[in-house]
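# Commentary on secondary and tertiary structure
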Amino acid sequence: MPLLQFPADRRTADIRRCAEALQNLHGEAANRFWRSEMAGFAANLKEQGCSDAELSRQAALFMDAVQMELRVVYAAAAER
């Protein structure tokens, strides 16, 4: 397994950028955005030599981190 400099769930700028974009996108536009992000994410990890299993694990970590960021944003908005 290659050493990743920045594990997916620690890429806070990318996580926040994706969460912000997804707040403003809905339906098919959100799906296209997410598929494009994940394709780029997978290509980057493949270039680093990640196995398919590690790529899947990192993708799940990133997806969970984006979802958590969205939950935080929506919870903060609900408190206002």
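Since this is a predicted model, take the numbers as computed values, not measurements.

What follows concerns the overall build of the protein chain. Secondary structure assignment for the protein chain yields 3 helices and 0 strands. Taken along the three principal axes of its C-alpha coordinates, the protein chain extends 45 × 25 × 15 Å. The buried share of the protein chain, taken over its 80 residues, is 28%. Long-range contacts, defined as pairs at least 24 residues apart, comprise 62% of the intrachain contacts of the protein chain with a sequence gap of at least 6. Counting only carbon and sulfur atoms, one obtains 55% of the accessible surface of the protein chain, whose full area is about 5500 Å². Side chains of the protein chain give 10 positive and 11 negative charges; the mean places of these two sets differ by 1 Å.

Turning our attention to the side chain of R11. Secondary-structure assignment places R11 in the segment before α1 (12–24). Despite its burial, R11 pairs with no opposite charge; the closest candidate is D14, at 5.0 Å N-O. With near-sequence residues (within four places) excluded, R11 lies in contact with F6, F41, L45 and Q48.

Per the stated rule, a full pass over the model turns up 2 aromatic pairs. Ring centres 6.0 Å apart and planes at 10° place the aromatic pair W34 and F62 in the stacked group. You can see W34 sitting in helix α2 (residues 27–47) and its partner F62 sitting in helix α3 (residues 52–79), a full 28 residues away along the chain. Accessibility assignment for this pair places W34 and F62 in one class, buried. Both rings, one in F41 and one in F62, keep their centres 5.3 Å apart while their planes meet at 25°; by these two values the pair is stacked.

Let us now look at the nonpolar core. If you look at the biggest cluster of nonpolar residues, it comprises 18 residues, and the most contacted ones within it are C18, L22, W34, M38, F41, F62 and V66. At the level of secondary structure, the elements contributing two or more residues to this core comprise α1, α2 and α3. In contact with W34, other than residues within four places in its own chain, are C18, L22, F62, M63 and V66.

Our next topic: the state of the cysteines. Between two cysteines, a covalent bond joining their sulfur atoms is known as a disulfide. Under the counting rule described, the total for this entry stands at 0 disulfides. C18 carries a free sulfur, and the closest cysteine sulfur to it, the one in C50, is 18 Å from it.

Thresholds applied
Residues numbered from 1 in each chain as written. Predicted model: local features only at pLDDT ≥ 70, side-chain atom pairs only at ≥ 80, totals over all residues. Heavy atoms only, no water. Helix = DSSP H or I, 4+ residues; strand = E, 2+ residues; numbered from the N terminus. Buried < 20%, exposed > 50% of the residue type's maximum accessible area, 1.4 Å probe, protein only. Contact = heavy atoms within 4.5 Å. Areas by Shrake-Rupley, 256 points an atom, 1.4 Å probe, with all protein chains shown as cover. Lys, Arg positive; Asp, Glu negative; His and termini not counted. Charge placed at Lys NZ, Arg CZ, Asp CG, Glu CD. Salt bridge = Lys/Arg side-chain N within 4 Å of Asp/Glu carboxyl O. Phe/Tyr/Trp six-rings, centres within 6.5 Å; stacked < 30°, edge-to-face > 60°. Core = buried A, V, L, I, M, F, W, Y, C linked by side-chain atoms within 4.5 Å. Disulfide = S-S within 2.5 Å.

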